[in-house]
Amino acid sequence: MCSALQLFDEMPQRMTPTWNAMIIAYSRRHSPMKVLSLYRQMIIEGVRPDSSTFTVALKACASLFDLEFGEEIRSLAVNCGYKDDVFVGSSLLNLYAKCGKMDEAMRVFDSMPKRDLVCWTTMITGFSQCGRAAEAVGVYWRMKDEGLEGDSIVMVGLIQVCAILGDVKMGLSIHGHMIRRDLRMDVFVETSLVDMYAKNGLLEIARHVFKKMSWRNVVSWSALISGYAQNGFAGDALRLLVEMQDSGLEPDLVALVSALLACSHIGFLKLGESIHGFIMRRLEINRISATAIIDMYSKCGNLSSARALFDRITSRDTISWNAMIASYGIHGHGREALSLFIQMKSQSRPDDATFASLLSALSHSGLVEEGRYWFDLMVKEFRIQPSEKHYACMVDLLARAGHIKEAQKLIESMTIEPGIPVWVALLSGCRNHRKLEIGEMAAKKVLELKPDDAGIYTLVSNVFAAARKWDEVASVRKVMKEKGIKKVPGYSVAEVNGNLHAFLMEDKSHPQHEMIMAMLERLNSKMRDMGYVPKTEFVLHDLEEEVKEQMLCNHSERLAIAFALLNTAPRTRILITKNLRVCGDCHTATKFVSEIADREIVVRDVKRFHHFKDGACSCGDYW
DNA sequence: ATAGGGTTAG
C-alpha cells in the first residue's frame, strides 16, 4: 500500500480507474475512513466517479453507519446517471439496511427497474438482522416467484430467521434444501447452522455440524460456546473455551462474554474475575462486555465490584442500566434499585425488562407503595403493556406483604390469562399469611395448570395440608404421578480456593463425606441448644418425623456449607450457589450457622441472594 | 478494468 500510495501521489495525471484502484484497495483492507477521504479528494479535484467508485463509497458509509454522507453520495450518483445501476442500487439498499432503515430500503427496492440476486439478498438479510423475520421470509417468497433461486448467502439470511423465530422445522428444511441442491457449505453457512441449532436447544446437532466443519474460525467456536452458555450448560461452555484455546485460537470478546454468562450461572467468581482481567489486558471493555461483567459480579455475590464497573461505563444503554438495577434487586436493595431507576429514566428509555427488575426489587424489599406507584406509571406514562412477568411481580409484591385481597383483585383485572407464576405468587403469599381460603383457591388454579416443577407441588400440598384438606393433598400426588414429575435434583456449588465443588442432595459420594457429616452433627447439636427446631413441613413425603429431619440436614446447601467451613480459613466469606430456592428450614439453620461459626455465608438461590451474618439474613426473612 | 449481499455476545 505504501508504494502504491507513493506512486499514486507522484502521478501527473490520474484518471477515474486510477482513483478507483486506490479506493478499492482501501476498501479491501477494511479502511472505510480512507475510502471516503480519497473519494472526497477525488471530487474536489474534479475527477468524475463512476459506478464502482460510488459502490465502494456507499459500502464504506454502510460500515460506518454514516447515513448522511451516504445520501450525499446517492444524489451525486443519480446526477451522474447511475440511478438504475444495480451495483449502486444494492450498495444503497445495504446502507439503509445497516442503518436500520428497512422501510426506506424497501421503497428503493420496489422502485428498482432491475434487481439481481445481491439486491434480494440484501433485503432478506436486512430484515432478518433487524428482527423482522416474517418480512425476510416474505421477500424470499417474492424472489422465488420471480424465478430466482437462492444461493448460500441467501440461506445464511434464512437460517438467521430460523434462529430468531425458534423455528427448527424450517431450519432443518433449509439445511436439507442446501444438501439436495448441493449449495456450497462454507464457514459462514455452517456457523449459522451451529448457531441456529444451538439457540433452539438442539446442542447435539449443533455440535455434530460443528465437528464436521472442515475448518472453524473464532466465530464458529463462539457460536457453539454461546449456545451452551445460553442453554444453561455452563460446564460444557467453559470446557469448549479451553478446547478452543488448545486448538490454537485466541478467544474473542464474544466467546468471553459467553464464558462470563456461564460463570454467572454457576457462581464461578474466580474464573469470572480472571476473564475480566484478560479482557482488560488483551481486548477492550465495551458496553456489552461491561454489562456481562457487571452481571457476573453481581450473580457471583460481589455487588460492589459490579457497581464500580457500572460507574466507569461512559455510554450506558437500557440493557446496562437494567443489569445494574437487577443486581440491586437480587441482593435485596430495593431502595438503591429505585434510586438508580430514577437516575436512569432521564438518560435511557426504560423497557419491559427494566420494570420487571424494578418491581421484583421493590417486592423483595417490601416497598409496596412504591411498587403500586411505578406499576401504574409503567402503564400510563411509559405505555408498556404489563406482561405476565410484571403481573407476577406485582402479585408477589402485594401478597408477600399480606395484601392478599388486593393481589387477588389485580389478578381479576388482568387482560391476559393468569398463568402459573401469577398463581404461585398469590399462593405463597397465602401460605405465609395463613390465608387458607384464598390459598386453596389459588392452589386449585395452580394444580389445574399442571406445572412441572416439584417445588410448586410442595407449596400446593403444604397449603392444602394446612387447611386440612387431605383429599386435595392426595390429588396433588395424583397429578404429580400422572405427569411423572420428578424432583429436580437440588444441588449447591461452593467455591473453595478458586475451585468449584458441587453437592447433590443427600450426596454421599464426596471424599470428605464422613467429615462433612460429623461437622453437620456438631452444628446441629449447637443449633438445638440455641433453640432451633427443624421445620419438617418443607419435606413432601409420608415419613416419620425423624427421617424428615434427617432429610433436611442433607439438603445440598448444608453439605456445601459444611464442606466450605472445613476447607477455608476461619472468617473467610463462604459463597454458595444453588439451583432451587432455599427452603425455610435451611434458611433458619444457616442463620444459626453464621453465628456459631462466625462466618459470613452468602447463598444465591434461584431467585435472589441471602447474606447470612451474625445469626441474621440480609433478606430480613422477607423472601 | 475494478465494484455490491453472509457467521458469534450483554
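Located above this text is the structure these notes cover.
Described below are features of the structure shown in this document. (Residues numbered from 1 in each chain as written. Chains lettered and ligands numbered in written order. Predicted model: local features only at pLDDT ≥ 70, side-chain atom pairs only at ≥ 80, totals over all residues. Heavy atoms only, no water.)

### Points about the overall build of chain A
Tallying secondary structure elements over chain A gives 33 helices and six strands in all. Dimensions of chain A along its principal axes, counting C-alpha atoms only, are 100 × 55 × 50 Å. Counting the 623 residues in chain A, one finds 52% classified as buried. For chain A, the share of sequence-separated contacts (at least 6 apart) that also reach a separation of at least 24 residues comes to 62%. Just so you have it, chain A exposes about 30200 Å², and 54% of that area is on carbon and sulfur atoms. Charged side chains in chain A number 76 positive and 75 negative. The centres of these two groups are separated by 1 Å. (Helix = DSSP H or I, 4+ residues; strand = E, 2+ residues; numbered from the N terminus. Buried < 20%, exposed > 50% of the residue type's maximum accessible area, 1.4 Å probe, protein only. Contact = heavy atoms within 4.5 Å. Areas by Shrake-Rupley, 256 points an atom, 1.4 Å probe, with all protein chains shown as cover. Lys, Arg positive; Asp, Glu negative; His and termini not counted. Charge placed at Lys NZ, Arg CZ, Asp CG, Glu CD.)

### A short note on the sheet that holds strand 4 (residues 601–604)
Here six strands make up an open sheet; going across it, the order is 2-1-3-4-5-6 and the pairing mixed. Two strands close off the open sheet at either side, each with one partner strand: strand 2 (499–504) and strand 6 (616–617). With six bridges connecting them, strand 1 (residues 491–496) and strand 2 associate as antiparallel partners. Residue pairing for strand 2: A494 is matched across the bridge by H501. In the packing of helix 33 (residues 584–596) onto the sheet, the strands contacted are strand 4, strand 5 (609–613) and strand 6, and the crossing angle to strand 5 comes to about 40 degrees. (Pairing = 2+ DSSP bridges. Axes fitted to C-alpha atoms, helices over the stretch in contact; angles between N-to-C directions.)

### A short note on the protein's contact with DNA strand B
Surveying the vicinity of DNA strand B reveals 50 residues, the closest of which are R28, D116, T121, Q129 and D186. Take the atoms of DNA strand B that sit within 4 Å of the protein: sugar and phosphate atoms are 45% of them. Within the contact set of DNA strand B, a phosphate oxygen lies 3.1 Å away from a side-chain nitrogen or oxygen of K59. At 3.1 Å from a base oxygen of DNA strand B is found a side-chain nitrogen or oxygen belonging to S222. No other element matches the seven residues that helix 12 (residues 187–199) contributes to the surface near DNA strand B. Taken together, the residues of the surface near DNA strand B break down into 18 nonpolar, 21 polar and eleven charged. (Near = heavy atom within 4 Å. Polar contact = N/O pair within 3.5 Å; in protein donor to acceptor, adjacent residues only side chain to side chain. Nonpolar A, V, L, I, M, F, W, Y, C, P; charged D, E, K, R; others polar.)

### Comments concerning the packing of helix 18 (residues 287–299) against helix 19 (residues 303–312)
When two helices pack together, their arrangement is given by the angle between the helix axes and the distance between those axes. Contact geometry of helix 18 with helix 19 gives a least axis separation of 7 Å together with a crossing angle of 160 degrees. The orientation of helix 18 relative to helix 19 falls into the category roughly antiparallel. Crossing handedness for the pair helix 18 and helix 19: left-handed. In contact with A290, I293, I294, Y297 and S298 of helix 18, helix 19 contributes L303, S305, A306, L309 and F310. In terms of residue class, the contact of helix 18 with helix 19 is made up of eight nonpolar, two polar and no charged. (Parallel < 35°, antiparallel > 145°, perpendicular 65-115°, else oblique. Left-handed = near helix turned anticlockwise from the far one by under 90°.)

### Thoughts on the packing of aromatic side chains
Working definition: an aromatic ring pair is given by the centre-to-centre distance plus the angle between the planes. The full count for this structure, using the stated rule, is 17 aromatic pairs. Their ring planes at 80 degrees and their centres at 4.9 Å tell us that F109 and W120 sit as a pair that is edge-to-face. Pair noted here: F109 is in helix 7 (residues 102–111) and W120 is in helix 8 (residues 117–129), with a separation of eleven residues, a long-range link. Both residues of the pair, F109 and W120, belong to the buried class. Three or more aromatic residues link up through ring pairs in this structure, and these residues are F341, F355, Y373, W374 and F382. Above the face of the F8 ring, R14 is positioned so that its terminal group lies 4.3 Å from the ring centre. The ring of F69 has R40 lying over it, and the distance from NZ or CZ to the ring centre is 4.4 Å. (Phe/Tyr/Trp six-rings, centres within 6.5 Å; stacked < 30°, edge-to-face > 60°. Lys NZ or Arg CZ within 6 Å of the ring centre and 35° of its normal.)

### A word on the nonpolar core
Formed by 172 residues in total, the largest nonpolar core has its most connected members in I73, M123, L426 and V460. Per-element tally for this core: the top contributor is helix 16 (residues 253–266), with nine residues. Ranked by size, the runner-up nonpolar core spans 29 residues in total, among them F503, M519, F592 and V593. (Core = buried A, V, L, I, M, F, W, Y, C linked by side-chain atoms within 4.5 Å.)

### Observations regarding the environment of F503
One can find F503 in strand 2. In this structure F503 comes out as buried when scored by relative accessible area, which is 1%. It is 27 Å that separates the C-alpha atoms of F503 and A292, two residues lying 211 residues apart in sequence. Not counting chain neighbours up to four residues away, the residues in contact with F503 comprise G490, Y491, S492, H510, I516, S556, L559, A560 and F563.

### Remarks on helix 19
Among the residues of helix 19, L303, A306, L309 and F310 are the ones counted as buried. Considered in projection along helix 19, the buried side chains sweep an arc of 130 degrees and stay on one side of the axis. Helix 19 presents S304 and R312 as exposed residues on the side facing more than 90 degrees away from its buried surface. Here the buried face of helix 19 lies against helix 18, helix 20 (318–330) and helix 21 (334–344). (Arc of directions from axis to C-beta.)

### As for the packing of helix 30 (residues 513–529) against helix 32 (residues 556–567)
Packing of helix 30 against helix 32 brings their axes to within 9 Å, and their N-to-C directions diverge by 100 degrees. Between helix 30 and helix 32, the interaxial angle falls into the category roughly perpendicular. Contacts between helix 30 and helix 32 pair M515, I516, M517, M519, L520 and L523 from the former with R558, L559, A562, F563, L565 and L566 from the latter. Its residues assigned to classes, the contact of helix 30 with helix 32 comprises eleven nonpolar, no polar and one charged.

### Let's talk about the pattern of salt bridges
Scanning all chains against the criterion turns up 35 salt bridges. R307 is the partner of D311 in a salt bridge, and the nearest nitrogen-oxygen pair spans 3.0 Å. Of this pair, D311 and R307 both sit in helix 19, four residues apart, which is roughly one turn of the helix. A salt bridge links R372 to E406; the nearest nitrogen and oxygen atoms lie 2.7 Å apart. Of this pair, R372 sits in helix 23 (residues 368–380) while E406 is found in helix 25 (residues 404–412), placing the two residues 34 residues apart along the sequence. Bridged by salt links that share partners, the residues E71, R74, E104 and R107 form one connected network. (Salt bridge = Lys/Arg side-chain N within 4 Å of Asp/Glu carboxyl O.)

### Section: unusual backbone geometry
At R383, a position not held by glycine, the phi torsion is positive, near 55 degrees. Tracing the backbone shows R383 in the loop between helix 23 and helix 24 (388–400). With relative accessibility at 68%, the residue R383 sits in the exposed group. The backbone of D614 sits at a positive phi, close to 45 degrees, despite the residue not being glycine. The exposure class assigned to D614 is exposed, which follows from its relative accessible area of 54%.

### Considering the side chain of H513
Turning to its location among the elements, H513 is positioned in helix 30. Beyond its immediate sequence surroundings of up to four residues, H513 is in contact with D507 and K508.

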